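Remarks on the overall topology
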Amino acid sequence: MKKSYSKRLLALMLSICLMVPMVYGCSSNKAKDVNGSSDSTQASGKDTDKAGSESKDALEKARTTPYEPYPELVTYTLGMQVATTITYPEGSGDTSENNAYTRLFKEKLNIQNDNVFEAISTDDYNQKVTMAITSGDIPDIMRVDYATFKELVANDMLADLTESYKNCASDLMKEIYASNENRSLDMATFDGKLYAIPTTSISSGQEIFWVRGDWMDKLGLKEPKTMEDIENILQQFVSKDPSGKGNVGLALVPKYYGSYAGGYQANNIFTYFGSCPKQWIKGKDGTAVYGTVQPETKQGLQVLSDWYGKGLIDKEMAVRKEDDIKALLTNGQCGAFFAGWWAPYHLESSFAMDPKAEWRAYIIPAGEDGKVTMFAGNPNQNYTVVRKGFKYPEMIIKAKNVSLDYNQGKSSYTDTSDIAKEYLDYVNNGYGVDPVGGFDYYNAAALAYEHISEAIEGKRKPQDMILYENTLYNSCMNYLKAIKNKKVPASQDWLNYTARMVSSKLMYETEANVIQPVFFDQTDSMKLMWTTLQTMEEEAMLKILTGEEPLDYFDKFVSQWKAAGGDQITKEVNEAIK
């Protein structure tokens, strides 16, 4: 594959050279100035040498520094996924190749995207990526998932970005990656070489127990700390029905465990016993094991199946969807569930319907050491890769520097130019799609709380926050003003204050035991067996929780899972890690 790809690449580059005088891409018989215009006059040898030397120096500086623009326009081909509802300012005439995003990148770095394919849906995009790989003709820049990324590395189709990152990554970029101990970069590195600029995942922190505090007060219930306290609250809510509308107990979705940062699950019940279902974690002997089939999972199942049998868990949970649960929360038929710090985004309608609905947040139950145990998620969402043979592999790093500066940095305040204002207008109004895309700190939610709380206390100037944090700060101030004036806050202000100053504060201040999964990839046997094994697992776990099967059915499921391919996959996972 490598050999055939090289031939196709050579043919492609030769055809480009013959057809189009792309800047810096192919040689030309005509000299060009720094703006790319042809020089029809005969220059002296001395002047030509001097101009050539200066141009070479300018290019070298551009290629080895974070922000220096290229002396001549660099056009790069791009595979791009666009939004389903992509819009531009009315009458602007903007396109995916000419808009506020691309104009900023052109202004700052002198680069321009040429989209060789676009796709709306993820499936369509992945299909076009696959077709490009199969043909051996991939664009200069594109985003891919981890499996595709590995395939490209294995087939020697990607540029080595190690030196480019060393020379061109901004301090801000390095700081963001360091916020997760460089795990994102580690996953993009093979044999000591960096082959992608990964898009980081933001931590959702510890799973939180959300509960109606006004109902707790009405029933005289104390703040929960233990497993027994959770059970007591559920029991009181169900039996005494403080809303008078019929209480369903703890809200759960059918796949009620194992998804990092998912809502309406019961991960905290499992991690309390040291179980990390659906995660590949390090076992007691140091090898990788699948969390669901470990003995500790049975202990969590015992608690939940007992609660279900007592009527403390929603009896219809096996058929509930997220929207069904949101309706129960809004209507006052449910007052307890587990979710991340972001849960107020699901609770805004509850507050709008009943401003007296007080949702409280607790990170429980803690173990003997006083800490809640949680498992982390995949460090990355996707990987931006550069085609091997592209003359300017550092370009994507420089472009992402700019994107980060105007989103996570301070350029949104310090740059008052028209082109910067236009860019920020796009960001704030959701126009277009950034062809480059940035990423955020691993602990972005906790940092937002820290910055906003300091601004509220007068310890930080609002302009010292990024633009999005400033927007949240203003909303939180509106909330506090309404409360001070004894008025009902706007539901959006309630949402932002509760998410940023209540649950994020709790997440920021509460120490946790974090278990890092050791494998996020797919083995060969997984491609054939994993769907069947997942179905087997989810059916067994649901049957045990709802009482259709006894608790000891878990042991039978584990044996069946291992025999049906689980042992083979576990072996392959450990081999892959080595």
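In case you missed it, the structure is sitting above this.
Below or above, wherever it landed, is the structure these notes cover. (Residues numbered from 1 in each chain as written. Predicted model: local features only at pLDDT ≥ 70, side-chain atom pairs only at ≥ 80, totals over all residues. Heavy atoms only, no water.)

Details of the packing of aromatic side chains
Under the definition given, this model contains 30 aromatic pairs. Between the aromatic rings of Phe554 and Phe557, the centroid separation amounts to 6.1 Å while the plane-to-plane angle is 55 degrees, which identifies the pairing as tilted. Residue Phe554 and its partner Phe557 are both found in helix H22 (residues 553–577); the two are separated by three residues, about one turn of the helix. Phe557 matches Phe554 in its accessibility class, with the two residues each being buried. Clustering of aromatic rings is evident, with ring pairs tying together Tyr88, Tyr101, Tyr406, Tyr423, Tyr426 and Tyr431. In this structure, Arg212 packs its charged tip against the face of Trp359, placed 5.8 Å from the ring centre. (Phe/Tyr/Trp six-rings, centres within 6.5 Å; stacked < 30°, edge-to-face > 60°. Helix = DSSP H or I, 4+ residues; strand = E, 2+ residues; numbered from the N terminus. Buried < 20%, exposed > 50% of the residue type's maximum accessible area, 1.4 Å probe, protein only. Lys NZ or Arg CZ within 6 Å of the ring centre and 35° of its normal.)

So, the sheet that holds strand E10 (residues 336–339)
The sheet built from three strands is open, its strands ordered E10-E7-E11 with antiparallel pairing. With one partner strand each, in any of the chains shown, E10 and strand E11 (359–362) form the two edges of the open sheet. With direction set aside, neighbouring strand axes in the sheet form an average angle of 25 degrees. The pairing of strand E7 (residues 208–212) with E11 spans four bridges and is antiparallel. Pairing of Phe209 across the sheet is with Tyr362, part of E11. (Pairing = 2+ DSSP bridges. Axes fitted to C-alpha atoms, helices over the stretch in contact; angles between N-to-C directions.)

Digging into the packing of helix H15 (residues 395–407) against helix H17 (residues 418–429)
Axis separation between H15 and H17 bottoms out at 11 Å; the angle between their running directions is 75 degrees. As judged from the angle between their axes, H15 and H17 are roughly perpendicular. Packed against H15, whose contacting residues are Ser403, Tyr406 and Asn407, the element H17 presents Ala420, Tyr423, Leu424 and Val427 at the interface. Looking at the contact of H15 with H17, its residues break down into five nonpolar, two polar and no charged. (Parallel < 35°, antiparallel > 145°, perpendicular 65-115°, else oblique. Contact = heavy atoms within 4.5 Å. Nonpolar A, V, L, I, M, F, W, Y, C, P; charged D, E, K, R; others polar.)

Brief notes about empty space enclosed by the protein
Summed over the entire model, instances satisfying the criterion amount to one cavity of 30 Å³ or more. Along the walls of the largest cavity sit 16 residues, with Gly205, Gln206, Glu207, Ala261 and Asn267 positioned nearest its centre. Elements represented by at least two residues in the lining of the largest cavity include exactly helix H11 (267–271) and strand E12 (372–375). Among the residues making up the lining of the largest cavity, the classes are represented as six nonpolar, nine polar and one charged. (1 Å grid on protein atoms, 1.4 Å probe; cavity = no way out; pocket = protein on both sides within 12 Å on 5 of 7 lines; lining within 4 Å. Points joined across faces, edges and corners; volume = space filled by probe spheres on them.)

Brief notes about the pattern of salt bridges
Under the definition given, this model contains 30 salt bridges. Between Lys108 and Asp415 there is a salt bridge, and its shortest N-O distance comes to 3.1 Å. A residue pair is termed long-range when its members are at least 10 positions apart, and Lys108 in helix H3 (residues 100–109) and Asp415 in the loop between helix H16 (411–414) and H17 qualify at 307 residues. Under the relative-accessibility criterion, Lys108 is labelled partly exposed at 28%. With a relative accessible area of 14%, Asp415 lands in the buried category. Of the charged contacts, one joins Asp555 and Lys298 as a salt bridge, the two residues approaching to 2.8 Å between their closest N and O atoms. Highlighted residues: Asp555 in helix H22 and Lys298 in helix H12 (residues 295–309), separated in sequence by 257 residues. (Salt bridge = Lys/Arg side-chain N within 4 Å of Asp/Glu carboxyl O.)

Observations regarding H12
End to end, H12 covers 21 Å across 15 residues, agreeing with the expected 21 Å (1.5 Å per residue, within 8%). Within H12 the residues assigned to the buried category are Glu296, Thr297, Lys298, Gly300, Leu301, Val303, Leu304, Ser305, Trp307 and Tyr308. Residues of H12 that are buried make contact with helix H10 (227–240), H11, helix H21 (524–546) and H22. Positive phi shows up at Gly311, right after H12, with a value of about 80 degrees. (Expected span 1.5 Å × (residues − 1).)

Some details on the environment of Pro139
If you trace the backbone, Pro139 turns up in the loop between helix H4 (122–135) and strand E3 (141–144). C-alpha of Pro139 to C-alpha of Lys388: the two residues are 249 residues apart in sequence and 9.9 Å apart in space. With residues near it in sequence (within four places) discarded, Pro139 still touches Thr77, Leu78, Gly79, Val116, Phe117, Ala132 and Arg387.

Some points on the packing of helix H14 (residues 344–353) against helix H20 (residues 491–509)
Where H14 contacts H20, the two axes come as close as 9 Å, and the packing angle between them is 140 degrees. When the interaxial angle is binned, H14 and H20 end up oblique. Seen from above, H14 lies across H20 with right-handed handedness. Contacts between H14 and H20 involve Pro344, Tyr345, Leu347, Glu348, Phe351 and Ala352 from the former and Ser491, Gln492, Trp494, Leu495, Asn496, Thr498, Ala499 and Arg500 from the latter. (Left-handed = near helix turned anticlockwise from the far one by under 90°.)

Regarding helix H19 (residues 467–484)
For H19, spanning 18 residues, the distance from its first C-alpha to its last is 26 Å, which sits close to the expected 26 Å at 1.5 Å a residue. Those residues of H19 that fall on the buried side of the exposure criterion are Glu469, Asn470, Leu472, Tyr473, Ser475, Cys476, Tyr479 and Ala482. The secondary structure elements touched by the buried residues of H19 are H16, helix H18 (444–456) and H20. Downstream of H19 by one or two residues, Lys486 has phi in the positive range, about 55 degrees.

Remarks on the side chain of Glu537
Looking at the secondary structure, you find Glu537 in helix H21. The class of Glu537 is buried, set by a relative accessible area of 0%. In this structure the side chain of Glu537 is engaged in a polar contact, spanning 2.7 Å, whose partner is the side chain of Tyr257. (Polar contact = N/O pair within 3.5 Å; in protein donor to acceptor, adjacent residues only side chain to side chain.)

Here we look at the side chain of Thr330
The topology assignment puts Thr330 in helix H13 (residues 322–331). A relative accessible area of 15% means that Thr330 is categorised as buried. With sequence-adjacent residues up to four places away left out, Thr330 is seen in contact with Ser349, Ser350 and Met353.

In short, geometric facts, not functional conclusions.
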